[in-house]
Amino acid sequence: MEKNPLIPLAVEKYKQQLCADPTRYHSFASFCRSEHLRSESVSQWMRRHGLTVGMLRAQAMLSKHVPIPVAPTPRRALIHRQAVSHRINSYVA
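Described below are features of the structure shown in this document. Keep in mind it's a predicted model, so treat the numbers as computed, not measured.

Time to look at the overall build of the chain. In terms of regular secondary structure, the chain is built from five helices and zero strands. Its helices and strands taken in sequence order, the chain reads α-α-α-α-α from the N to the C terminus. Across the 93 residues of the chain, 19% fall into the buried class. Contacts in the chain between residues at least 24 apart in sequence constitute 59% of all its contacts with a sequence separation of at least 6.

Moving on, we get to the side chain of Gln-17. Mapped onto the elements, Gln-17 comes out in helix α1 (residues 6-20). Of the residues examined, Gln-17 reaches a relative accessible area of 15% and is grouped as buried.

For the rest of this paragraph, the subject is the environment of Lys-64. Along the chain, the position of Lys-64 falls in helix α4 (residues 53-64). Linking Lys-64 and Cys-19, residues 45 residues apart in sequence, is a C-alpha distance of 7.1 Å. Ignoring anything within four residues of it in the chain, the contact list for Lys-64 reads Leu-18, Cys-19, Ala-20 and Pro-22.

Moving on to the packing of aromatic side chains. Scanning the model with the defined rule gives two aromatic pairs in all. Ring geometry for Tyr-14 and Phe-31: centres 4.9 Å apart, planes at 50°, overall tilted. A residue pair is termed long-range when its members are at least 10 positions apart, and Tyr-14 in helix α1 and Phe-31 in helix α2 (residues 28-34) qualify at 17 residues. Exposure remark for Phe-31: the relative accessible area of 2% places this residue in the buried category. An aromatic cluster is built from Tyr-14, Phe-28 and Phe-31, whose rings are joined through pairwise contacts.

Along an α-helix, residues three or four apart share an orientation, since each turn contains 3.6 residues. Taken residue by residue, helix α3 (residues 39-48) has Ser-39, Val-42, Trp-45 and Met-46 as its buried positions. The arc that holds the buried residues of α3, viewed along the axis, is 125°, so those residues lie on one side. For α3, the exposed residues set more than 90 degrees away from the buried face come down to Arg-47 and Arg-48. The secondary structure elements touched by the buried residues of α3 are α1, α2 and α4. Of the residues one or two after α3, Gly-50 is the one with positive phi, at around 75°.

We now examine the environment of Gln-16. Note on placement: Gln-16 falls in helix α1. For Gln-16, a relative accessible area of 48% corresponds to the partly exposed category. In sequence terms Gln-16 and Leu-56 are 40 residues apart; their C-alpha atoms lie 9.5 Å from each other.

Cut-off values and rules
Each residue is numbered by its place in its chain's sequence as written, counting from 1. Owing to the predicted nature of the model, reporting of local features is limited to residues with pLDDT of at least 70; listing and counting of side-chain atom pairs is limited to 80 or more, with chain, interface and lining totals taken over all residues. As a rule here, side-chain values cover all heavy atoms of the structure and leave hydrogens and water aside. Only DSSP runs of H or I covering at least 4 residues are called helices, and only runs of E covering at least 2 are called strands; the numbering of each starts at the N terminus. Partly exposed residues are those whose accessible area sits between 20% and 50% of the maximum for their type, while under 20% is buried and over 50% is exposed, using a 1.4 Å probe and protein chains only. We call two residues contacting when some pair of their heavy atoms lies within 4.5 Å. Between 30 and 60 degrees the pair is tilted, below 30 it is stacked and above 60 it is edge-to-face, where a pair is any two Phe, Tyr or Trp rings, Trp via its six-membered ring, whose centres lie within 6.5 Å. Within this analysis, the arc is defined by the directions that extend from the helix axis to the C-beta atoms.

Just geometry here; none of it tells us what the structure is for.
Have a look at this one:
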């Protein structure tokens, strides 16, 4: 079986397109048709590499709305450990 170098490029292009304009293509199949690729072949390649269309869409949405990470403080970690410990102890008793 020969490798098709267009498929990884098409997947990357679809991801970029989702980031730029998520409403341009109504479906993944319509994108594949516009790229002159079989959507079944692209989907199969994506499955072999652990990707799904839903994951690509989620990554595109997350790239637009990246929350500011909150650094854990020692106090917050202690409160979390106490809460988890309390929940575990309440189930045991």
